[in-house]
Every structure is written in structure tokens, then in C-alpha cells.
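One letter stands for each residue in the lines below.
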Amino acid sequence: MKTVLVALQMNAADEPVLEWARVLCARLAPDRLVLLGLDERLAMEEEIAAYLPELLEESPPAAELLDYLEERRKSCATWAPHVETDLRRGEAWKELLGATREVGADLLV
């Protein structure tokens, strides 16, 4: 097992996913863990700003999302050998498929 890709929704639903990833990494000992942050709102920032600016105010800026990923990376570094992060803009399913190919994921969580 070389690479495990963990798809994160950037909310509280990530905690059980990360726990499963920890258990799987303990059993499979991958060389690399990639945390993929998926937030579809990032893909639509211009459209939201033009038509529904109040929603943009509720949406976290990309810097906050990167900070979120960095916090998760640090916590995963205690149990995974090499942890990377990637924040994607776009439709979640398309970004997930693309990232799976790009990183050569052996397992998707």
C-alpha cells in the first residue's frame, strides 16, 4: 500500500473519516496519506458574489480552509509517515476522481 487518499468535506463529518483513516493506516502502513479538501463553494465564488453576496459572507475564505487542512495534517502526522494536503475547487465528485488519478491512490477513504 503506497497512497491513501482521504476526502474531507471541511466540516464535522471529517472526524469519523479521519478516525477510519487512522485505523486503516495502522493496519496497512501506507507510504503516504493525502488529505483532499473539497468545498464546492470555492468553485462558485464569482457567481455567488454576483448573485447572492450574503452567502459568500457565510462561506469560509480559502485561507481558513487551508488552515483547517493544515490542522488536520498536523494531527495526522502523529500516526501517518508522510501527510500531504490538497484543497480543490469544483464539483466534489469530479475533483475526487481527478485527485485519485493524480496521486495514484491505492485506497480512498
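Residues numbered from 1 in each chain as written. Predicted model: local features only at pLDDT ≥ 70, side-chain atom pairs only at ≥ 80, totals over all residues. Heavy atoms only, no water.

**Remarks on the packing of helix α1 (residues 14-28) against helix α4 (residues 62-76)**
Direction vectors running N to C along α1 and α4 enclose 30 degrees, while the axes themselves pass 12 Å from each other. Classified by the angle between their axes, α1 and α4 sit roughly parallel to one another. Between α1 and α4 lies a crossing of right-handed hand. Seen from α1, the contacting residues are Asp14, Glu15 and Leu18; seen from α4, they are Tyr68, Arg72 and Cys76. Taken together, the residues of the contact of α1 with α4 break down into three nonpolar, no polar and three charged. (Axes fitted to C-alpha atoms, helices over the stretch in contact; angles between N-to-C directions. Helix = DSSP H or I, 4+ residues; strand = E, 2+ residues; numbered from the N terminus. Parallel < 35°, antiparallel > 145°, perpendicular 65-115°, else oblique. Left-handed = near helix turned anticlockwise from the far one by under 90°. Contact = heavy atoms within 4.5 Å. Nonpolar A, V, L, I, M, F, W, Y, C, P; charged D, E, K, R; others polar.)

**Regarding α1**
Over its 15 residues, α1 extends 20 Å from the first C-alpha to the last, a length consistent with the 21 Å expected when each residue adds 1.5 Å. Here α1 has its buried residues at Asp14, Leu18, Ala21 and Cys25. All buried residues of α1 project into a common sector of 55 degrees when viewed along the axis, lining one side. More than 90 degrees from the buried face of α1, the exposed residues found are Trp20, Ala26 and Arg27. Where α1 is buried, its residues touch β1 (3-8), β2 (32-38) and α4. Backbone geometry just after α1 places Ala29 at a positive phi near 50 degrees. (Expected span 1.5 Å × (residues − 1). Buried < 20%, exposed > 50% of the residue type's maximum accessible area, 1.4 Å probe, protein only. Arc of directions from axis to C-beta.)

**Thoughts on the packing of aromatic side chains**
Following the criterion strictly, the structure yields zero aromatic pairs and no others. Seen from the ring of Tyr68, Arg72 lies directly overhead, with NZ or CZ sitting 4.0 Å from the centre. (Phe/Tyr/Trp six-rings, centres within 6.5 Å; stacked < 30°, edge-to-face > 60°. Lys NZ or Arg CZ within 6 Å of the ring centre and 35° of its normal.)

**Re the sheet that holds strand β4 (residues 107-108)**
Pairing is parallel across the open sheet formed by four strands, whose spatial order is β3-β2-β1-β4. Both outer strands of the open sheet, β3 (83-88) and β4, are each paired with one neighbouring strand and no more. Bridging between β1 and β2 involves six bridges; their strand directions are parallel. Bridged to Ala7 within β2 is Leu36. (Pairing = 2+ DSSP bridges.)

**A word on the confidence of the model for the protein chain**
Across the protein chain, pLDDT averages 87, with 85% of residues at or above 70. Within the protein chain, helix α3 (residues 53-58) has the poorest average pLDDT of any element, 65, and β1 the best, 96. (pLDDT = per-residue confidence, 0-100.)

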